Amino acid sequence: MSQQQFENFTASSLYCEKCKTAMPVRERLLLVLPDREIFNYLCTGCGSSVGQREITAGDKLTAQAMIRRRPRRGPTQTLLH
Ligand SMILES: [Zn+2]
C-alpha cells in the first residue's frame, strides 16, 4: 500500500531526480484496469517519470457522489415503509 501516499492529493509538482528540484509535472493515463486507473507523472523539464498515482473504482465513486446532489433523507422513507 505504498501508493496510498499519492491517493489524496493531485500532484502539480514533484521532485525530479534528474533536475534536482521540484518540477511541474504532466499527468498521463498509463493503464486502465477494471477496478483502477494508473496515472504516470512526467517531469515537464526532462520528460522522465517522477511518480505514479492510482485511482481505484472506489475513489471514482466517491468523486461522482460528491458531484451528484445528495438525496435528502426525509419523509419519503416513512411513506415507503
Ligand atoms: Zn526533470
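Quick caveat, the model's predicted, so the values are computed rather than measured.

A. Expanded view of the overall build of the protein chain. A tally of regular secondary structure across the protein chain gives 2 helices and 4 strands. Each helix and strand of the protein chain, ordered N terminal to C terminal, gives the series β-β-β-β-α-α. Restricting the contact set of the protein chain to residue pairs at least 6 apart, pairs at least 24 apart contribute 24%. About 6800 Å² of surface is accessible on the protein chain, with carbon and sulfur atoms providing 54% of the total.

B. A look at the coordination of the zinc ion. The protein atoms that coordinate the zinc ion are Cys16 (SG), Cys19 (SG), Cys43 (SG) and Cys46 (SG), at distances spanning 2.3 to 2.4 Å. One can describe the site at the zinc ion as tetrahedral: its 4 donor atoms subtend angles covering 102 to 117° at the metal. Linear spacing of the donor residues for the zinc ion on their chain is C-x2-C-x23-C-x2-C. Placement of Cys16 in strand S1 (residues 13-16) and of Cys46 in the loop between strand S3 (36-43) and strand S4 (49-56) is noted, with a sequence separation of 30 residues between them. Looking at Cys16, the relative accessible area reads 1%, which means it is buried.

C. Highlighting the side chain of Ser48. Looking at the element boundaries, Ser48 is found in the loop between S3 and S4. On the basis of relative accessibility, which here comes to 18%, the residue Ser48 falls in the buried class. When residues no more than four places from it in sequence are discounted, the contact partners of Ser48 are Cys16, Lys18, Tyr41, Leu42 and Cys43.

D. Representation of the pairing of strand S2 (residues 21-33) in the model. As defined by bridge partners, S1 adjoins S2 across 4 bridges and the pair is classed as antiparallel. Counterpart to Leu14 in the pairing with S2 is Met23. The turn linking S1 back onto S2 is made up of 4 residues, and Lys20 within it adopts a positive phi angle of 60°. Relative to S3, S2 is paired through 8 bridges, and the arrangement is antiparallel. Bridge pairing links Arg28 to Asn40 in S3.

E. A look at unusual backbone geometry. With a phi close to 60°, Lys20 is a non-glycine residue in the positive phi region. Its place among the elements puts Lys20 in the loop between S1 and S2. Relative accessible area serves as the criterion here: at 63%, Lys20 is assigned to the exposed category.

Parameters and conventions
- Each residue is numbered by its place in its chain's sequence as written, counting from 1.
- Confidence filtering applies because this is a predicted model: local features only for residues at pLDDT of at least 70, side-chain atom pairs given and counted only at 80 or more, and all residues used for totals across whole chains, interfaces and linings.
- Hydrogens and water molecules were not included; the side-chain quantities draw on all heavy atoms of the structure.
- Secondary structure is summarised from DSSP: a helix means a run of H or I of at least four residues, a strand means a run of E of at least two, and numbering begins at the N terminus for each.
- The contact criterion used throughout is that any non-hydrogen atoms of two residues lie within 4.5 Å.
- Calculation of accessible area relied on Shrake-Rupley with a 1.4 Å probe; when residues are assessed, cover is drawn exclusively from the protein chains displayed.
- Here a donor is any nitrogen, oxygen or sulfur atom (N, O, S) within 2.8 Å of the metal, with 3.2 Å used for Na, K and Ca; water is not among the atoms considered, so some sites may look incomplete.
- Here the metal geometry follows the donor angles, with tetrahedral for four donors whose angles all fall between 85 and 135 degrees, square planar for four and octahedral for six when opposite donors are more than 155 degrees apart and every other angle is between 65 and 115, and irregular for all the rest.
- Burial status follows relative accessibility: with a 1.4 Å probe on protein chains alone, a residue under 20% of its type maximum counts as buried, one over 50% as exposed, and anything between as partly exposed.
- DSSP-based pairing: two strands are paired if at least 2 bridges between them are found.

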